[in-house]
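Residue-level structure breakdown
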Amino acid sequence: MVEETAEPALPKGQKRSGGRQIDFVGLTGMSDPPPRRTTGIAELDRVTGGGLVPGSAILIGGDPGIGKSTLLLQATASLARGGKAAYISGEESVDQIRLRAQRLNVGDAPVMLASATAMRDILASLDHADAPDVVVIDSIQTMFVDSLDSAPGTVAQVRASAQELIRTAKRRGFTVVLVGHVTKEGTIAGPKVLEHMVDTVLYFEGERGHQFRILRAVKNRYGATDEIGVFEMTDGGLVEVANPSELFLADRREDVSGAAVFAGMEGSRPVLVEVQALVAPSPFSTPRRTVVGWDSGRLAMVMAVLEARCGVEMAGADVFLNVAGGLKIAEPAMDLAVAAALVSSLTGVPVPKDAVVFGEIGLSGEVRVVSQMDTRLKEAAKLGFGRALMPARRKKAGKNDDIVTTELAQLSELTLLLDDGGHARRIPRAGNRG
Ligand SMILES: Nc1ncnc2c1ncn2[C@@H]1O[C@H](COP(=O)(O)OP(=O)(O)OP(=O)(O)O)[C@@H](O)[C@H]1O
Ligand SMILES: [Mg+2]
C-alpha cells in the first residue's frame, strides 16, 4: 500500500500558478499548407495521398530484396530533376548504388548521394537552411546515435535516430523517407513506437516468384490508407502498372471450372482478379485447407454456409484456394466469388466466362450488398466482361447498359446457376435446403 496525498483544493476565485497560458485558436487559420511534392511516379504519389508532404516522415517496410532501395532510388532520381533530393545509404557503398542507378537508367540524375551511418554527421549535413527537399535514409536500422552505447538496430538506437531525423525534418521542412526492415512475422522491426512517430507507414509487398509488387499504405496522416500502388519488377527497375486488372487477368484460361473473376476494390481503384479453387477428394482423415491471398477463417465460413444453407458437401475434400497474381485480398466482397469458384470446382460447371462475381455472404446464406458496385461494374465492362453475378441492389441507380446483371438474394441461387442438372458428383440439387 502506498500513501498518496490529495492535492488541496484551490480556494474559490484563485488561479493555479506556474505554467504559461496557452493560446487556443479556431480551426480556420491563415497558414496555407505548402504544396505536396510529387515524385513523378504516379503509383507512389497515389499511395502517399497525392505526393510527399513537406516536413513529414514516411516509413517504408518490406521483405528483404523486395525492391525498397530500387523504388526509392527511382523516386529520388525523379525528384532530383525538379529539386534537391538526397539518398543516404547505410547498407550499400556509393559504388554499389551508382551501379544500380546505371541499371535503372537514372545515372545522370543530380541526386545527392552519400554512404553514412553516424546520425551526428548526417544531421550536421542536413540541419541548415538549404537542406534538400527530400531525404531518403536506407535503412533506419543501420543508423546510430553515438551518445547511446547500444549497437545499431537496437530499439533504443532506432528510436533515437528516427526521433532526431523527424525533428530535423519538421524544423527544416524536408520530407524524410525511412526504410525499415521487417521481422520474420512481417511487421516493421524495432519499436512499435516507430510507426507512431512517423506520419505515413507504407508496406512494399509481393510474392516470391511473381514480378508484381504492391505498395500499400497502412497509416497515413495525409491521405487514405486503403490505396495501393502496383509495380512490376523488371531488369530496368520497377515499372508502374496503370491498369492492374489487365495484368492480373493476363494468364487467365477461360471456360475452366473452379475459377471466378472477382471485381474488387483497392482503395478508390477497382481491381479485377481471378480466384481459383480446387476441391478434391482427400486421402487424409483431416482434409487440407490451403489458402493463398485470402483469409483462411473467411474460407471456412463460406464453406460452412455452403454446407449448411445450400447442401453442398465438402467435408471429406481437400480445398485449395488461390488468388492469382500474388495479390492479397482483404475485402469480404470476395465471398461470393470464392463460393462460385468452390461450387464450380465441385460440379465441373465453369462460371460463365464473361462474368465477374462479387458480394458478401451472411451466415444465413443471404448475399449482401457491398460498396461501390457501380464502379466495379464499370471496370468489368471496360475490360470486356458482359455479365455480373452480384447482390440485389436496393435501388436501381446508375444503370449500365454494357453489362447484364444477375442479382442474387440467396447463395442457393448461385449453386443453382452452377449446378450441372443434378448429375454433379457431390452436389445435391440446390435450393431444397436453407
Ligand atoms: N539485374 C537485375 N535484373 C532484374 N532484377 C534485378 C536485377 N538486380 C536486382 N533485381 C531485383 O531487385 C531486387 C532487389 O532490390 P532492392 O535491392 O531494391 O531490394 P531491397 O528491398 O532494398 O532489399 P534489402 O532489404 O536487401 O535492402 C532483387 O530481388 C531483384 O528482384
Ligand atoms: Mg535495400
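All values derive from a computational prediction rather than experimental measurement.

On to the sheet that holds strand β3 (residues 112-115), then. Taken in spatial order, the nine strands of this open sheet run β3-β2-β4-β5-β1-β6-β7-β8-β9, and their pairing is mixed. This sheet does not close on itself; its edge strands, each paired only once, are β3 and β9 (237-240). Between one strand axis and the next, the sheet turns by 25° as a mean value, whatever way the strands run. Against the sheet, helix α5 (residues 155-172) touches β1 (57-62), β4 (134-138) and β5 (175-180), its axis set at about 160° to β5.

It is worth spelling out the domain arrangement of the protein at this point. In terms of domains, the protein is made up of domain 1 (42-242) and domain 2 (247-417). Using only C-alpha atoms to locate each centre, domain 1 and domain 2 end up separated by 37 Å. Here domain 1 and domain 2 share an interface that buries about 1200 Å² over both sides, 55% of which is from carbon and sulfur atoms. Sorting the residues of domain 1 by area buried against domain 2 places Glu207, Phe212 and Ile228 first, and these three jointly supply 38% of that buried surface. Put simply, domain 1 and domain 2 have two salt bridges between them. A salt bridge links Glu43 to Arg269, with the nearest nitrogen and oxygen atoms 3.1 Å apart. At the surface where domain 1 touches domain 2, the tally comes to four residue pairs in polar contact (both at pLDDT 80 or more).

Quick look at the nonpolar core now. One finds Leu306 and Leu342 to be the most contacted residues of the largest nonpolar core, which totals 63 residues. Among the elements that line this core, the one with the most residues is helix α9 (residues 335-347), at nine residues. Each of domain 1 (42-242) and domain 2 (247-417) accounts for three or more of the residues forming this core. Ignoring anything within four residues of it in the chain, the contact list for Leu342 reads Ala277, Val279, Leu299, Val302, Met303, Leu306, Met314 and Val319.

With that out of the way, let us pick up the environment of Val279. For Val279, the location among the structural elements is in strand β11 (residues 269-281). Distance in space between the C-alpha atoms of Val279 and Val343 is 8.7 Å, their sequence separation being 64 residues.

Cut-offs applied
- Residues numbered from 1 in each chain as written.
- Chains lettered and ligands numbered in written order.
- Predicted model: local features only at pLDDT ≥ 70, side-chain atom pairs only at ≥ 80, totals over all residues.
- Heavy atoms only, no water.
- Pairing = 2+ DSSP bridges.
- Helix = DSSP H or I, 4+ residues; strand = E, 2+ residues; numbered from the N terminus.
- Axes fitted to C-alpha atoms, helices over the stretch in contact; angles between N-to-C directions.
- Contact = heavy atoms within 4.5 Å.
- Domains from an automatic or database assignment.
- Buried area = accessible area lost by both parts, 1.4 Å probe.
- Salt bridge = Lys/Arg side-chain N within 4 Å of Asp/Glu carboxyl O.
- Polar contact = N/O pair within 3.5 Å; in protein donor to acceptor, adjacent residues only side chain to side chain.
- Core = buried A, V, L, I, M, F, W, Y, C linked by side-chain atoms within 4.5 Å.
- Buried < 20%, exposed > 50% of the residue type's maximum accessible area, 1.4 Å probe, protein only.

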